[in-house]
Amino acid sequence: MKIDLGTHSLNVIDEGPRDGAPLVLLHALGTGAHLWEDMIEHLPPGLRIIRPDMRGHRESTAPEGTYKMGNLVRDVERVLDQLEIRDAVVVGLSIGGMVAQGLAVKRLDIVRGLVLANTSARVGIASQWDKHIEEVRAKGTGGMTSRTIEAWFTKDWHLTGKTEPWRKSLASLPDEVVIGYMEAVKTTDFYTPTSGLRLPTLGLASFGDKIIPPDMTRETVELIPGSKIEVIRKSGHLSPVDQPISFAMSLVQFLKDIGHIAQDAEI
């Protein structure tokens, strides 16, 4: 379905029973709602699973100009309000994990639990992002695609030959959208807001993540008292893609532990 947000619209996949326990999945930059498809196959039935394509991705449009992280958080907030979603577990990977943190800080009526995967409260410094932005302006998104795809996956995954769809997904992003997201990340520091959160939280890091190393995810997740962190082995930055079963098993156990689904729920 398409949800009109005025200046742009988001494509949202909303699956499962309307009264099912809501699970919101927020993807990484340059991917889309399809990031989660293999992982979803290993979740128990009965969940209401909501997967937006974030602004500028796939079938979602984007307003002109650069973005702030608050814009990206507001997009998801408005979608979930229109769908009348409350008490959801929100799973965010990479920039999706930053959006998830911002949403939890703003709307605890929507977010009852967090899963922060391969993400951080802050990524890089302004000068690094300025350099990346200038590269995109000079060479286009295509200039960074090969390097990014190389970093997304482990060496073993590259040998499977399954990276091409992800290369196309990243390369399809307009340059101005990529720059918009870079500007948003450049100015985001959630260390203080995230440290004030008090809700069930699971961190999922990847042993082979070259973009957000496990220690960065761990440092962010441990800002939230009572949180847990797990490291998925033989996995890169897009762990729901290269290790969908391991990702799903950790997610399902977390959903059981916090009472979001029944203890006897089976895949």
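Residues numbered from 1 in each chain as written. Predicted model: local features only at pLDDT ≥ 70, side-chain atom pairs only at ≥ 80, totals over all residues. Heavy atoms only, no water.

1. What about the pairing of strand S4 (residues 48-52)?
The two faces of a sheet get side chains in turn, since along a regular strand they alternate between them.
(1) Moving on: Taking burial as the measure, the five residues of S4 include five buried ones, the bulk of the element.
(2) Moving on: Residues Arg48, Ile50 and Pro52 line one face of S4 and the alternating positions Ile49 and Arg51 line the opposite face, and both faces are buried.
(3) Moving on: One ladder, built from four bridges, connects strand S2 (residues 9-15) with S4; its direction is antiparallel. Looking at S4, one finds that Glu15 is bridged to Ile49.
(4) Moving on: In terms of strand pairing, strand S3 (residues 22-26) meets S4 through three bridges, oriented parallel. The partner of Pro22 across the bridge, within S4, is Arg48. (Buried < 20%, exposed > 50% of the residue type's maximum accessible area, 1.4 Å probe, protein only. Helix = DSSP H or I, 4+ residues; strand = E, 2+ residues; numbered from the N terminus. Pairing = 2+ DSSP bridges.)

2. Concerning the nonpolar core
(1) Moving on: Ranked by internal contacts, the top residues of the largest apolar core, which has 85 residues, are Leu23, Leu43, Met69 and Leu114.
(2) Moving on: In terms of residue count, helix H8 (residues 175-186) provides more of this core than any other element does, seven residues in total. (Core = buried A, V, L, I, M, F, W, Y, C linked by side-chain atoms within 4.5 Å.)

3. Points about unusual backbone geometry
(1) Moving on: Positioned with a positive phi, Arg58 is a non-glycine residue whose angle comes to about 50°.
(2) Moving on: Relative to the assigned elements, Arg58 resides in the loop between S4 and helix H2 (69-82).
(3) Moving on: Judged by relative accessible area, Arg58 falls into the partly exposed class, the value being 46%.
(4) Moving on: Backbone geometry at Glu84 places phi at a positive 60°, although glycine is not the residue there.
(5) Moving on: When you line up the elements, Glu84 lands in the loop between H2 and strand S5 (88-93).

4. Considering the sheet that holds S5
(1) Moving on: Within the open sheet, the eight strands sit side by side as S1-S2-S4-S3-S5-S6-S7-S8. Their pairing is mixed. The sheet is open, and its two edges are formed by strand S1 (2-4) and strand S8 (228-232), each paired on a single side. For this sheet, the mean inter-axis angle between neighbouring strands, taken without regard to orientation, is 25°.
(2) Moving on: Running at roughly 145° to S5, helix H3 (residues 95-106) makes contact with S3, S5 and strand S6 (111-117) of the sheet. (Axes fitted to C-alpha atoms, helices over the stretch in contact; angles between N-to-C directions. Contact = heavy atoms within 4.5 Å.)

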